[in-house]
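Below are the chains, spelled out letter by letter.
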2 protein chains.
Amino acid sequence: MSKNTLLVFGTDPAPRLDRISGKANLVFADEETLPDLLPTADALLVWDFLSDAVRNAWPGSGPRPRWVHTASAGVDRLMCPELIASDTVVTNARGVFDQPIAEYVAGLVISLAKDFPGSWELQRQRRWQHRETRRVAGTRAVVVGSGPIGRAVARTLAALGVKVDLVGRTTREGDPEFGRVHGSSALWEPDGLLGVADWVVCVAPLTDATRGMFDARAFGRMKPDAYFINVGRGQLVVQKDLTDALIDRAIAGAALDVFEEEPLPEESPVWDVPNLLVSPHMSGDTIGWRDALAEQFMDNFERWAAGEPLLNLVDKRLGYVPVG
Amino acid sequence: MSKNTLLVFGTDPAPRLDRISGKANLVFADEETLPDLLPTADALLVWDFLSDAVRNAWPGSGPRPRWVHTASAGVDRLMCPELIASDTVVTNARGVFDQPIAEYVAGLVISLAKDFPGSWELQRQRRWQHRETRRVAGTRAVVVGSGPIGRAVARTLAALGVKVDLVGRTTREGDPEFGRVHGSSALWEPDGLLGVADWVVCVAPLTDATRGMFDARAFGRMKPDAYFINVGRGQLVVQKDLTDALIDRAIAGAALDVFEEEPLPEESPVWDVPNLLVSPHMSGDTIGWRDALAEQFMDNFERWAAGEPLLNLVDKRLGYVPVG
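Just so you know, these numbers come straight off a predicted model, no measurement behind them.

Visitor: Give a description of the nonpolar core that names residues and reports values.
Guide: If you look at the biggest cluster of nonpolar residues, it comprises 112 residues, and the most contacted ones within it are Val153 and Leu157 of chain A together with Val153 and Leu157 of chain B. Each residue touching Leu157 of chain B, except ones within four places of it in the same chain, is listed here: Val105, Ala106, Val109, Ala141, Val143, Val162, Val164 and Val201 of chain B.

Visitor: A description of the packing of aromatic side chains should follow, citing residues and the corresponding values.
Guide: All names here are of chain B. If you walk through the whole model with that rule in mind, you get 25 aromatic pairs over all chains. With a centroid separation of 5.4 Å and 15 degrees between ring planes, the pair formed by Trp67 and Phe297 is classed as stacked. Remark: Phe297 occurs in helix α9 (residues 289-305) and Trp67 occurs in strand β4 (residues 67-70); sequence separation between them is 230 residues. Note on accessibility: Trp67 and Phe297 belong to one class, buried. Aromatic pair Phe219 and Phe228: ring centres 5.2 Å apart, planes at 85 degrees, arrangement edge-to-face. Comparing Phe219 with Phe228 shows no difference in burial state: the two are buried.

Visitor: I'd like a rundown of the side chain of Ser111 of chain A, residues and numbers included.
Guide: Mapped onto the secondary structure, Ser111 of chain A falls in helix α4 (residues 98-113). Looking at Ser111 of chain A, the relative accessible area reads 0%, which means it is buried. Setting aside residues no more than four positions away along its own chain, Ser111 of chain A makes contact with Phe116 and Pro117 of chain A together with Ser111, Phe116 and Trp120 of chain B.

Visitor: Residue-level account of the relation of the copies chain A and chain B, with values.
Guide: Superposition of chain A onto chain B requires a rotation of 180 degrees combined with a translation of 0.0 Å along the rotation axis, giving an RMSD of 0.0 Å. Look at the turn and shift together and you get a two-fold axis relating the two. Of every C-alpha in chain A, the one belonging to Gly107 of chain A sits nearest the axis of rotation, 2.6 Å from it. Interface overlap between copies is the fraction of interface residues in one copy that are interface residues in the other; for chain A against chain B it reaches 100%, indicating a shared surface.

Visitor: Before we move on, can you summarise the packing of α4 of chain A against helix α4 (residues 98-113) of chain B with the specific residues and values?
Guide: Contact geometry of α4 of chain A with α4 of chain B gives a least axis separation of 8 Å together with a crossing angle of 125 degrees. Here α4 of chain A is positioned oblique relative to α4 of chain B, judged by the angle of their axes. Between α4 of chain A and α4 of chain B the crossing geometry is left-handed. When α4 of chain A is examined against α4 of chain B, the residues Glu103, Ala106, Gly107, Ile110 and Ser111 of chain A are found in contact with a partner set consisting of Glu103, Ala106, Gly107, Ile110 and Ser111 of chain B. Partitioned by chemical class, the residues of the contact of α4 of chain A with α4 of chain B number 4 nonpolar, 4 polar and 2 charged.

Visitor: Before we move on, could you go through the interface of chain A and chain B and cite the residues and values that matter?
Guide: Taken residue by residue, the interface counts 55 residues in chain A and 55 residues in chain B. Summed over both partners, the interface of chain A with chain B comes to about 4900 Å²; 62% of that surface belongs to carbon and sulfur atoms. Counting the surface chain A buries against chain B, the share from its top three residues, Trp120, Arg126 and Trp128 of chain A, is 18%. Between the two partners, chain A and chain B, sit 8 salt bridges. Put simply, Arg126 of chain A and Asp272 of chain B hold a salt bridge, and the shortest N to O gap is 2.9 Å. The interface formed by chain A and chain B holds 27 residue pairs in polar contact (both at pLDDT 80 or more) in total. Looking at the side of chain A that touches chain B, the elements that each hand over two or more residues are α4, α5 (116-124), α6 (148-159), β13 (276-278) and α9 (289-305) of chain A. Element by element, the count of residues in the side of chain A that touches chain B is highest for α4 of chain A, at 9 residues. Residues of the side of chain A that touches chain B, tallied by class, amount to 25 nonpolar, 14 polar and 16 charged.

What counts, and where the lines are drawn
Position numbers for residues count from 1 along each chain, tracking the sequence in the order it is written. Chain labels run from A onward and ligand labels from 1 onward, assigned in the order the entries are written. Only residues with pLDDT of at least 70 get local features here, since the model is predicted, and only at 80 or more are side-chain atom pairs given and counted; chain-wide, interface and lining totals rely on the full set of residues. Note that water and hydrogens are dropped before the side-chain values are worked out from all heavy atoms of the structure. As used in this record, nonpolar core signifies buried Ala, Val, Leu, Ile, Met, Phe, Trp, Tyr and Cys residues forming a set joined through side-chain atoms within 4.5 Å. We call a residue buried when its accessible area falls under 20% of the maximum for its residue type, exposed when it is over 50%, and partly exposed in between, using a 1.4 Å probe and counting protein chains only. What makes two residues a contact is simply this: any of their non-hydrogen atoms within 4.5 Å. When the centres of two rings from Phe, Tyr and Trp lie within 6.5 Å, Trp using its six-membered ring, the rings pair. Their planes under 30 degrees apart give stacked, over 60 give edge-to-face, and anything left gives tilted. Runs of H or I in DSSP of at least four residues are treated as helices and runs of E of at least two as strands, each being numbered from the N terminus. Fitting of the copies onto one another was done by least squares over C-alpha atoms, counting residues only where both copies have pLDDT of at least 70. Axis angles are defined between N-to-C directions and span 0 to 180 degrees, where every axis is a line fitted to C-alpha atoms and, for a helix, only to the segment in contact. If an angle is under 35 degrees, it is roughly parallel; if it is over 145, roughly antiparallel; if it lies from 65 to 115, roughly perpendicular; otherwise it is oblique. Here a crossing is taken to be left-handed if its near helix is turned anticlockwise relative to the far helix by less than a right angle, and right-handed if that turn runs clockwise. Think of it as three bins: nonpolar holds Ala, Val, Leu, Ile, Met, Phe, Trp, Tyr, Cys and Pro, charged holds Asp, Glu, Lys and Arg, and polar takes everything else, Gly as well. Simply put, the buried area is the total loss of 1.4 Å probe accessible area from both parts when two parts are fitted together. Salt bridges are counted wherever a side-chain nitrogen of Lys or Arg sits within 4 Å of a carboxyl oxygen of Asp or Glu. Polar contacts, as used here, are pairs of N or O atoms within 3.5 Å; protein pairs need one atom able to donate a hydrogen and one able to accept it. Residues neighboring in sequence count only if both atoms are side-chain atoms.

No statement about biological role is implied by the geometric values presented.
Set out below in structure tokens:
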């Protein structure tokens, strides 16, 4: 039996794929070589998941890999109509980022409640200025995104005593952990969830249904003392509407780990919008994450090579792995 | 029956004691008037618990209040040999600060693990610099102080997946929540707790046995990648030894909410020691805390007026409310 060709897109740094050595022809591609190499590949590992190169190269001529695995939770950078319509199966890195992102969000919630940014700014000024800050326990969070990351975020906030409402695409009753998962319309109803939350946390997948869902209308529904946190994708938010809401003090503050354009350009006004915390798309990236992503891929590769069902199979039309 | 005189030390801001109005002669004292008023009081509420005035005034001549309540968890500012030797009973604000301080410590742990201070400094510089950060789940914390605040801190960190060892004065087996509460000697044993902790959290009461317990020897036992957090009392730490350890990179970092001298003087070198986060003794002070402290005192006052047993009775020799 001839070996399959595994094309790896992204080499900076290259993944450690020791368990695959000898079991496939390993070929590495960069943005320049990808279009020519794509027709030669049986499988494609999208290791550099921040690039648009795969989506751009896919619609060309010639055969296409039968399996694409992306080392990311979101598949939005990857998907194009031709890939969706094809027989190619897509898998993702579901699971690797859940707990790290949940910790990150919990840390942001406490930091905002306790005004850590204020304390550390006062420290730079050598000013001792006691303030009264908020309790976290007893506040209310709305977590938008009911996949494994959203569930981990909800679970971690609940462990801190936060009352959490989890919001997915459609309403689901009888969730073993959360009872009801709200449909997204629950955000917008009169007295809906956007208006009662102290914390609105966005961890939704980026799809046609979610693009730009956090806009002026959404921020207008939020309480003036509420905070918005985005660790999903930048395009879920109309960034200008958020910065306007912050400048107008329509909401109390926000923390963004993802942006419409990444890296956030040095000249962007976003860097110094009042009450806005910026971090460089790192909420899920804990030490060893690249190795964890490579291990997860190799597990799936062994299944694929053995003809077994793949894990984390993405519903290409929905744009994420549907809940079990 | 003649009314008791309740002396309240501290008026900035004065406590709301509406439930007491009419049930006692309410007299307010400041640092200047306290020595003259102390002999007239049946009970004393130490509302300004950051002052040494009560300890200084107590040894004078004349009668003394039969009951002293301090609106703080620690009684170290209050205690003097004459008060300890007297028949006066002392109660404290046990309970009010537990959950707020636990949240605060959890927030510091996540902030340090995820390098939030680094992200927000990079934001000021408009620099997009992705870093890999730590997981919190799976790390180890040693919480020194096994009173209700220490227990709340331990419980909250455990909810984040941290493996927590709780350390009190003496070893206690069969704790319903933590199994074993370690005695303080467990910190210092070969392969002791100080050497395995990723987080050393100090919430101990300040007593003769704990004063200066975190010194060069303690920081020398800690791992180079470990962090130290103090939300107890500044005098539990030899501040110069800690700042030396930070400057020498003997430990990874620290967060201090309490200091040898408070407010931390503007000219103190502590403000800009590398990898040291400073906050102004506020970890427990959430919105409404003063009202919570007043309510708690009024509850105890009603018990006292009715001749019922007081809550939160401090063991004056130990310097805290003994467990159970």
